Amino acid sequence: MASVLDYISLLGHGVAAALFAALAIWQFQRKVERSEKHAWLIIAIALTSFWSLSIAVEGSLSPIARFAETLRNFGWLAFMFILLRTGEGRDEPKTVNIIYIALAFVLVGQVLVDSLLPALVGSPRLEGVTLYTSLVLRMIFSVGALVLVHNLYSITAPETRWGIRLPMASLAAIWTYDLNLFTITYLTQQTPLELHAMRGPMMAVIAPILVLASIRNTEWNLKLSRSVAFRSLSLVAIGSYLLMMIVIATALQIIGGDYARLAQISFLFGTTIGALLLLPSGRFRAWLKVKLAKNFFQHRYDYRSEWIRFTDTVGRPGADSAPFHERVIKAIADITDSPAGILLVPDEAGQLVLQSRWNWSSIVVPPRACTAGTTAFFEDSGHIVEFDTLRAGQDPKCDPSVIPDWMNSDERTWVAVPLVHFDRLAGVMLLARPRVHRKLDWEDLDMLRIVGRQVASYLAEYRSQESLSEVQRFDEFNRRMAFILHDIKNLVSQLSLLAGNAKRHADNPEFQADMIDTLQDSARKMNGLLERLSQHNKASPAEPRAVKVADLIRSTIEKKRLLHSLESKRVDDLTVFADPARVEQILGHLIQNAIDASAPDAPITINARRRDLSVAIEVCDHGTGMSNEFIRSQLFKPFASSKQGGFGIGAYEARELARAMNGRLEVESTEGVGSRFTLILPLAKHLSDDVPADERAA
C-alpha cells in the first residue's frame, strides 16, 4: 500500500512541479505590461513548482517540503495583497489589512517552529508540542487564507469579477484541501498518507486552470465594488465548516475502527460531490439566498447589483433578446426570484388587457382582464397586493371585490405591482410565486415600488416612441401625398390647356397626333404617381448617366408646346451627368410655374450653355416675377405659394431633385418683369477633361 501511495505522490507532485514551472516560464516570457502584480504572480507560481518538486524528491513530511509550503503560501498571500492594493475603487477596510499582517506573522511563525524540529528529535515531548504548534499554525493560515479569498472575490465589482473567478477558485481549492488535511491530522493524531499523496494530482489539475485564467485575463486588473465592506459571513461559514469537520471526523475515528481513515476520505469527497449537486439547484440557491439575507445581512438586496442587472435586462435589445415587454417582466421578476410573470396594460378605452407573458402560459387571462374599478384602485392607491395576505383577509388596504377572480383563483399568483407614471396607471405586473415561499417585507415593497415607477416610465416612453413612429409614418405619407397632389395639379392644368386648345385646333391632323401623344404621356405620369403613392413601392431613382442636353430640352418642348408657346434661343451641344427622368421632372415644374406666371401670349424661353465644368439650363419667362424677400424666405419653403390654389411644392421638389444629382437651382426674378430659373448640373467627365483652360474660364 505504501509503495502505491509513494508512486502516486511522486508522479502527482512531479507532474505538478513541471506544469507550474512551465506556467512560470510562460508568464515570464509573455509580452504583457510588467507590473508588480505580474511579478508576484510569477513568484507565487514558481514557489508552487518548487514546493511540488521538494515533495516529489524529499517527501511530504521532510523539512524542505515544510519550508517550501510556507514559501508557497507566502507567495500567493503577497500576490492577493498586491492585487487588492492595485485595484481601482475605494480603499479596503483596515480589518482586512490586519488579517494580511496576521497571516504574514503566522507564516513567519511556521518557519521558526519548523526550524526547531531537527533540534528536538531527541526529546519526544518537545517534538510533539512543536509538531502540534506547527499543525495549528497551518490550520489557522488555511482558515485565514480562505477568508481573504472570499473577501477579495466578494468586494470585486461584477464587471471585473469574471477575471479573477478561476484563480480565486484555484486558491480556494488549494487551501480547502489543506484545511481538511490538517484538520484530520489534528483530530486523528496520525498522518493521513492517502491525503498527502493526493495533493500532487490535485495540484496537477489546478495548473491548467491557472493557465486558462491567465489567457482570459492578461492584465489582472481589478476594480473594487463601491460597497466594499468586510463580511463576517466568510468567517462564520469557514468556522462552521471547521466545527463540522471536527465533530464528524472525531465520530468517524471513534466508530470507524480500522476503516476510520477510509471513512474520513469518503466523507471529504462525499461533501464535495454533495456541494456539486446542491449548488446548481435553483431551489437550493433561492433558499440559501433567503436565509443568508434574513440572518446575516442588514439589507436583503445589494442595490447596486440589482440596479445594474435591472437596467441591463431592460435596456439591452439584440437579435437574440426577448421582446421589450418580456424583458420588462423578467427585470422585475429576477429581483424577487419569481420564475414567471405577466404584464397588463391599458388599451385605448383605458381597460387593462394582457400585453405579454413570461414563463407563465398556464394562467388564463380573459380578453377584458380587469374592471374599471381595478384600474381606478391601482391608479389611485398604488398599492402592491400580496395575494396570500389578500386571500387570508388580512389586507385592509385592498377591497377584494376590485380584484378579478382569475387573479385570485390561481395559486401561483403571488403579488401584483402597479406601474404608475405621473399619477397615471401605465400597467400592472403580476408575479408568480418564487421557488421558496416567503412574505414580502418593507424592503421588498420599497424595491418593487421603485422599480415599478421606473418600468412605468419605460412603458410610457415605449408608447411615446410608438406614437411618434406612427406620426412619422403618417407624416411621410402626407409628404408623399403633397408631392403627388402637386404633380396631379400640374397634369390637370396641362389637360385643361389641352382641352382649351382642342376647341380651336381639333380639325388639325397634326394637332390631333400631338394631343394623343400628350394624353398618353399624361396617363403614363398618372400611373407613375400611383406607384409612388403606394407604401410598398421600393423602387429607387435611376442612377445618373451621361445624357445629351439638347435631347432633353427637345423632348420637353415637344411635350409642352401644345400648352404654351415655348422657344429655344441657344442650346449648346453638351452632355450632363444626370437622371433623365428627374431632369424632365424638374423642367416640368419650372415650365409649369412659368406658364402660371405668364400671359397666354407671352413666350417662355429654354436655353442651355456651359458654365465652367457644369451645364446651366435656363427657363425664362416674362411674367409677374417675385420679390427678393419671397425668394429668400418663401420660394423653397414647402406649402408656401403666392399663386391662388397653389401647393408651394414645385420649386421645393425641383431643388431637392437637383441636389440629389449633385446639382443646384438658382433663381433671378424682378417683380413685373419676369423670372429666370437656372438648373446647374455637372458636365459629363469624359467631355470636361478635354475642355481647354481658356474655354473653362470663359
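Residues numbered from 1 in each chain as written. Predicted model: local features only at pLDDT ≥ 70, side-chain atom pairs only at ≥ 80, totals over all residues. Heavy atoms only, no water.

**Let's talk about the sheet that holds strand β5 (residues 424-432)**
Item 1. In space, the 5 strands of this open sheet follow the order β2-β1-β5-β4-β3, with antiparallel pairing throughout. Unpaired on one side and paired on the other, β2 (352-358) and β3 (385-386) mark the two borders of the sheet.
Item 2. Along the sheet, helix α12 (residues 324-335) makes contact with β1 (341-346), β2, β4 (413-421) and β5, crossing β2 at roughly 75°. (Pairing = 2+ DSSP bridges. Helix = DSSP H or I, 4+ residues; strand = E, 2+ residues; numbered from the N terminus. Contact = heavy atoms within 4.5 Å. Axes fitted to C-alpha atoms, helices over the stretch in contact; angles between N-to-C directions.)

**Details of the pairing of strand β12 (residues 674-682)**
Item 1. Counting buried residues along β12, 7 of its 9 residues qualify, which places the element largely inside the surrounding structure.
Item 2. Here 8 bridges tie strand β10 (residues 614-621) to β12, and the two strands are oriented antiparallel to one another. Opposite Val619, over in β12, you have Phe677 as the bridge partner.
Item 3. Here 7 bridges tie strand β11 (residues 664-670) to β12, and the two strands are oriented antiparallel to one another. (Buried < 20%, exposed > 50% of the residue type's maximum accessible area, 1.4 Å probe, protein only.)

**Overview of unusual backbone geometry**
Item 1. Of note in the backbone geometry, Asp423 takes a positive phi value of approximately 65° without being a glycine.
Item 2. Tracing the backbone through its elements, the reader meets Asp423 in the loop between β4 and β5.
Item 3. The backbone phi angle of Asn662 is positive, close to 60°, even though this residue is not glycine.
Item 4. With respect to the helices, strands and loops of the structure, Asn662 is situated in the loop between α21 (650-660) and β11.

**Observations regarding the sheet that holds β11**
Item 1. Here 5 strands make up an open sheet; going across it, the order is β7-β9-β10-β12-β11 and the pairing mixed. Looking at the sheet topology across the chains shown, the edges are occupied by β7 (566-567) and β11.
Item 2. Two elements, strand β9 (residues 604-611) and β10, share 7 bridges in a ladder whose sense is antiparallel. Considered in β10, the bridge of Ala608 is made with Ile617.

**Some words on the side chain of Thr375**
Item 1. Within the fold, Thr375 resides in helix α13 (residues 372-381).
Item 2. Setting aside its immediate chain neighbours within four residues, Thr375 contacts Gly350, Leu352 and Leu425.

**Regarding helix α2 (residues 36-58)**
Item 1. Here α2 spans 32 Å end to end across 23 residues, near enough to the 33 Å set by a 1.5 Å rise per residue.
Item 2. Directly beyond the C-terminal end of α2, a positive phi value near 100° is found at Gly59. (Expected span 1.5 Å × (residues − 1).)

**Points about the confidence of the model for the protein**
In regions of low pLDDT, the predicted coordinates are not meant to be interpreted in detail.
Item 1. Across the protein, the average pLDDT comes to 78, with 76% of residues at or above 70.
Item 2. Between residues 292-298, whose pLDDT stays under 50, and residues either more than four places distant or in other chains, the model counts 8 contacts.
Item 3. A low-confidence stretch, residues 686-698 (pLDDT under 50), is modelled with 12 contacts involving residues beyond four sequence positions or located in other chains. (pLDDT = per-residue confidence, 0-100.)

**A few points about the packing of aromatic side chains**
Item 1. One pass over the full model with this rule turns up 8 aromatic pairs.
Item 2. Between the aromatic rings of Phe141 and Trp175, the centroid separation amounts to 5.8 Å while the plane-to-plane angle is 80°, which identifies the pairing as edge-to-face. Of this pair, Phe141 sits in helix α5 (residues 124-154) while Trp175 sits in helix α6 (residues 158-188), placing them 34 residues apart in sequence. An identical accessibility class is assigned to Phe141 and Trp175; each is buried. (Phe/Tyr/Trp six-rings, centres within 6.5 Å; stacked < 30°, edge-to-face > 60°.)

**A word on the pattern of salt bridges**
Item 1. Here the structure, examined in full by the defined rule, presents 21 salt bridges.
Item 2. With a shortest N-O distance of 3.1 Å, Asp388 and Arg391 are connected by a salt bridge. Residue Asp388 and its partner Arg391 are both found in helix α14 (residues 387-391); the two are separated by 3 residues, about one turn of the helix.
Item 3. Under the relative-accessibility criterion, Arg391 is labelled partly exposed at 28%.
Item 4. The partner of Glu618 in a salt bridge is Arg609, and the shortest N-O contact between them spans 3.3 Å.
Item 5. Among the ionic contacts, a cluster of salt bridges with common partners joins Glu69, Arg72, Asp114, Arg138, Asp178 and Arg199. (Salt bridge = Lys/Arg side-chain N within 4 Å of Asp/Glu carboxyl O.)

**Re the nonpolar core**
Item 1. Trp76, Met80 and Trp175 are the most contacted members of the largest nonpolar core, which has 52 residues in total.
Item 2. Counting residues per element, this core draws most heavily on α5, which supplies 11 residues.
Item 3. Setting aside chain neighbours within four positions, we find Trp76 in contact with Leu41, Ala44, Ile45, Thr48, Leu171, Trp175 and Leu210.
Item 4. Judged by nonpolar contacts, the second largest core, of 42 residues, contains Val547, Ile553, Ile586 and Val615. (Core = buried A, V, L, I, M, F, W, Y, C linked by side-chain atoms within 4.5 Å.)

**Observations regarding helix α19 (residues 580-597)**
Structural remark: α-helix, 3.6 residues per turn; residues separated by three or four positions point the same way.
Item 1. Taking 1.5 Å per residue as the helical rise, α19 with its 18 residues ought to reach 26 Å, and the 26 Å between its terminal C-alpha atoms agrees with that figure.
Item 2. Judged by how many residues are buried, α19 sits mostly within the fold: 13 of 18 residues are covered.

**Looking at the side chain of Ser675**
Item 1. Mapped onto the elements, Ser675 comes out in strand β12.
Item 2. For Ser675, the side chain forms a polar contact with the side chain of Ser669, separated by 2.7 Å.
Item 3. In this view, Ser675 contacts Val619, Cys620, Asp621, Gly625, Met626, Glu668 and Ser669; residues no more than four positions away in its chain are not counted. (Polar contact = N/O pair within 3.5 Å; in protein donor to acceptor, adjacent residues only side chain to side chain.)

**Thoughts on the packing of α2 against helix α3 (residues 63-85)**
Item 1. Between α2 and α3, the shortest axis-to-axis distance is 8 Å and the interhelical angle comes to 165°. With respect to their mutual orientation, α2 and α3 come out roughly antiparallel. The handedness of the crossing between α2 and α3 comes out as left-handed.
Item 2. Its residues assigned to classes, the contact of α2 with α3 shows 18 nonpolar, 3 polar and 5 charged. (Parallel < 35°, antiparallel > 145°, perpendicular 65-115°, else oblique. Left-handed = near helix turned anticlockwise from the far one by under 90°. Nonpolar A, V, L, I, M, F, W, Y, C, P; charged D, E, K, R; others polar.)

**Comments concerning the packing of α3 against α5**
Item 1. Between α3 and α5, the shortest axis-to-axis distance is 12 Å and the interhelical angle comes to 25°. The orientation of α3 with respect to α5, classified from their angle, is roughly parallel. Like other packed secondary-structure pairs, α3 and α5 cross with a definite hand, here left-handed. Taken together, the residues of α5 that come into contact with α3 (itself represented by Arg66, Glu69, Thr70, Asn73, Leu77, Met80, Leu83 and Leu84) are Leu131, Ser134, Arg138, Phe141, Ala145, Leu148, Val149 and Leu152.
Item 2. A breakdown of the residues in the contact of α3 with α5 according to their chemical character gives 10 nonpolar, 3 polar and 3 charged.

**A look at a nonpolar patch on the surface**
Item 1. Residues Tyr7, Leu11, Val15 and Leu19 make up a contiguous nonpolar surface patch of about 370 Å² in total accessible area.
Item 2. Position of Leu11 relative to the elements: it lies in helix α1 (residues 2-29). (Patch = residues over 30% accessible without salt bridge, like charges linked within 9 Å, V, L, I, M, F, W, Y side chains within 5 Å. Areas by Shrake-Rupley, 256 points an atom, 1.4 Å probe, with all protein chains shown as cover.)

**Quick look at the pairing of β10**
Item 1. By the criterion of burial, β10 is predominantly enclosed, with 8 of the 8 residues buried.
Item 2. Where β9 folds back onto β10 in an antiparallel hairpin, the turn is made up of 2 residues, including Asp612, whose phi is positive at roughly 55°.

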